[in-house]
Amino acid sequence: MKRTTGMKIALSAVIGIFLLLHADPAEAKMKLSADSAVVMDVESGTILYEKNMDKREYPASITKVMTALLAIENSSMDETVTYSKSAVLNLESGASNMELKPGEKLSMEDSLYGVLLRSANEACNGVAEHIAGSVDNYVAMMNKRAKELGCTGTHFANANGLWMKNHYTTSHDMALIAREAYKNPSFAKITGTKRYSIKKTNKTKTGRLLVNHHGMLVAGQYPQYLYEYCVGGKTGFTSKCRYTLVTYAKKNNMTLVSVVMRADAPWDNDNEYTDTLKLLNYGFENYARHTIKNDSMKDISNNYLFTRFSPFYNSATTSLTVDEDAGVILPKKVKLNQTKKKVEYYQSPKTDKKGRKIIGKISYTYNNKEVGGTSIYYADTKPPTLNDSIDMSKWFDDAVEKVNRPPFPWKKVALISILVLVILFSGFFIFRQIRAERENRIRRNRYRKTNRRYRRADRRNRL
């Protein structure tokens, strides 16, 4: 019995230690009306919570997030968009619009305010025709861009989101698109604007006042859903798609984006807005952002790759930097030093949109999930020298291999050590129990033998 108790204590200790070292972040069990939902950190791309995030759904007007992003990336805000007859008249009855007329001219900036604030379908058509020559060509560009962003369950069939059987996406893909869009200052400015006025045009004698449809940003028909941390977003609805919503919010140095798809109506107890509020509050209450610039610079300032092998890659001739505002998102109470950090160098440099040369990246993982990171940038500070013509492929491979060697597995070693100690303790405990039982048995036997001798001697004396 005692031996069994000792083994139970040892087993409980092992299980407790394992759970302590492999504890997952707190997870919420939310009641959501939406069929599919996700909340993501904009800066790192870390997913904080999801429900059926890879399930295909019909997006309705949140499609316009991609429409606007693509337009911003392929035009300037002061370009003039001339609206064709097909753009303004080829709409379903009752489709959202801002009553543009054939031949009317708007700047690209005004057009995009119409797309994102008024959700004007004809503005989407006009922008698409202006950039790609036709809506079909623009849709092809949208699908190509979606794949570049890592979308795997998306296919666009139009630029405005009106229902079509082959026009679908997922909440995960939509979050990837919305995240990329918000990184663009022009998009962030437009989506966060509450009211915007378009001046009179060549076809109108008066201007147009546009009001953002998002109920968490502007008090409209449902003022109870106003959210002080909301900084933008896009609404969507059709009878077949139901309610869809993209929302951006900023709090405590974190910017989150939530996506809900096929949710219930705002007048229901559980709806697109209550779902969004639960998702955003969960993210803000359970996670915190850690800046990583100083931590990351430690890995590149005196790195083996750049100081040992080539004078062309040393601190005297190059400038190595990381993203200034790079960060990671971790559950509260989890420290940065509890993450796993990996430094990776590319075989050939890449160039970002700002023209910076990217030679590698530093990524952070926690519980086997990537939680953030930063690119490593390289800039020449002196004119090229003969080192440029040296073939460094041989030492490069060796350097990369040594730089990317996995860190010493301290946690595994600690766990194994503790397991060994527990086993030794259990063995010692069991050994002591066995030894004690043996000694007690020997003492009992001696006592019985002694008693038998005394009883025989006593009988002899009586005789």
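The structure under discussion appears in the preceding block.
Predicted model only: the values in this text are computed from it and were never measured.

**Student:** Would you take a moment to explain the packing of aromatic side chains for this structure?
**Tutor:** Working definition: an aromatic ring pair is given by the centre-to-centre distance plus the angle between the planes. All chains considered together, the criterion is met by 13 aromatic pairs. Ring centres 5.5 Å apart and planes at 65° place the aromatic pair Tyr58 and Trp163 in the edge-to-face group. Here the residue Tyr58 occupies a position in the loop between β2 (47-51) and α2 (64-73), and Trp163 occupies one in the loop between α6 (135-148) and α7 (171-183), the gap between them amounting to 105 residues. Consider the rings of Tyr225 and Tyr273, whose centres lie 5.1 Å apart with planes at 25°: the pair is stacked. Of this pair, Tyr225 sits in the loop between β6 (208-211) and β7 (230-238) while Tyr273 sits in helix α9 (residues 272-286), placing them 48 residues apart in sequence. Members of the aromatic cluster, connected to one another through ring pairs, are Tyr49, Tyr282 and Tyr287. Positioned over the ring face of Trp163 is Lys240, at 3.9 Å from the centre of the ring.

**Student:** Any chance you could explain helix α4 (residues 108-118) here in plain terms?
**Tutor:** The α-helix advances 3.6 residues per turn, and as a result positions three or four apart in sequence lie on the same side. Most of α4 is tucked away: nine of the 11 residues are buried. Of the residues making up α4, those classed as buried are Met108, Asp110, Ser111, Leu112, Tyr113, Gly114, Val115, Leu116 and Leu117. Ser119, located one to two residues past α4, shows a positive phi value of around 60°.

**Student:** Would you explain the nonpolar core in this entry?
**Tutor:** In summary, soluble globular proteins display a tendency toward joint burial of nonpolar side chains. Membership of the largest hydrophobic core comes to 56 residues, with the highest contact counts inside it found for Leu112, Tyr138 and Tyr248. With sequence-adjacent residues up to four places away left out, Tyr138 is seen in contact with Thr67, Leu70, Ala71, Val127, Ala128, Ile131, Ala132 and Ala159.

**Student:** Honestly, the pairing of β6 in this entry has me stumped. Any pointers?
**Tutor:** Regular strands show a simple pattern: their side chains alternate between the two faces of the sheet. Of the two faces of β6, the one holding Arg208 and Leu210 is buried and the one holding Leu209 and Val211 is not buried anywhere. As paired strands, strand β5 (residues 195-198) and β6 are joined by four bridges and run antiparallel to one another. Counted as the bridge partner of Ser197 is Leu209 from β6.

**Student:** Help me understand the pairing of strand β14 (residues 357-366), please; the structure alone is not making it clear to me.
**Tutor:** β14 sits mainly inside the fold: seven of its 10 residues count as buried. In this structure, strand β13 (residues 340-351) lies alongside β14, joined through eight bridges in antiparallel fashion. Bridging across to β14, Glu344 finds its partner in Lys361. With antiparallel pairing between neighbouring strands as the criterion, β13 and β14 make up a hairpin whose turn holds five residues, including Gly355 at a positive phi of roughly 85°.

**Student:** What is the right way to read the side chain of His167 from this model?
**Tutor:** With respect to the helices and strands, His167 occurs in the loop between α6 and α7. Apart from the residues within four sequence positions on either side, His167 is in contact with Tyr58, Pro59, Thr63, His155, Phe156, Ala157, Asn158 and Gly161.

**Student:** Any chance you could explain the pattern of salt bridges here in plain terms?
**Tutor:** Oppositely charged side chains may form a pair once their charged atoms are brought near each other. By the definition in use, this model includes 16 salt bridges. Here Arg289 makes a salt bridge to Glu43, at a shortest N to O gap of 3.7 Å. Note that Arg289 is positioned in strand β10 (residues 287-291) and Glu43 in the loop between β1 (36-41) and β2, a separation of 246 residues in sequence. Here Lys183 makes a salt bridge to Glu180, at a shortest N to O gap of 3.9 Å.

**Student:** How do you make sense of the sheet that holds strand β8 (residues 242-251) when you look at a structure like this?
**Tutor:** Each strand in a sheet pairs with its neighbour through backbone hydrogen bonds, running either in the same direction (parallel) or in the opposite one (antiparallel). Judged by pairing direction, the sheet is antiparallel, and its five strands sit side by side in the order β2-β1-β9-β8-β7 without closing on themselves. Single-partner strands in this sheet number two, and they are β2 and β7. Averaged over all adjacent pairs, the angle separating strand axes in this sheet is 5°, with direction ignored.

**Student:** How should I be thinking about a nonpolar patch on the surface in this particular structure?
**Tutor:** The grouping of Ile416, Val420, Leu421 and Leu424 at the surface amounts to a nonpolar patch, some 390 Å² of accessible area in total. Relative to the assigned elements, Leu421 resides in helix α13 (residues 410-462). For Leu421, a relative accessible area of 56% puts it in the exposed group.

So, how was this worked out
- Residues numbered from 1 in each chain as written.
- Predicted model: local features only at pLDDT ≥ 70, side-chain atom pairs only at ≥ 80, totals over all residues.
- Heavy atoms only, no water.
- Phe/Tyr/Trp six-rings, centres within 6.5 Å; stacked < 30°, edge-to-face > 60°.
- Helix = DSSP H or I, 4+ residues; strand = E, 2+ residues; numbered from the N terminus.
- Lys NZ or Arg CZ within 6 Å of the ring centre and 35° of its normal.
- Buried < 20%, exposed > 50% of the residue type's maximum accessible area, 1.4 Å probe, protein only.
- Core = buried A, V, L, I, M, F, W, Y, C linked by side-chain atoms within 4.5 Å.
- Contact = heavy atoms within 4.5 Å.
- Pairing = 2+ DSSP bridges.
- Salt bridge = Lys/Arg side-chain N within 4 Å of Asp/Glu carboxyl O.
- Axes fitted to C-alpha atoms, helices over the stretch in contact; angles between N-to-C directions.
- Patch = residues over 30% accessible without salt bridge, like charges linked within 9 Å, V, L, I, M, F, W, Y side chains within 5 Å.
- Areas by Shrake-Rupley, 256 points an atom, 1.4 Å probe, with all protein chains shown as cover.

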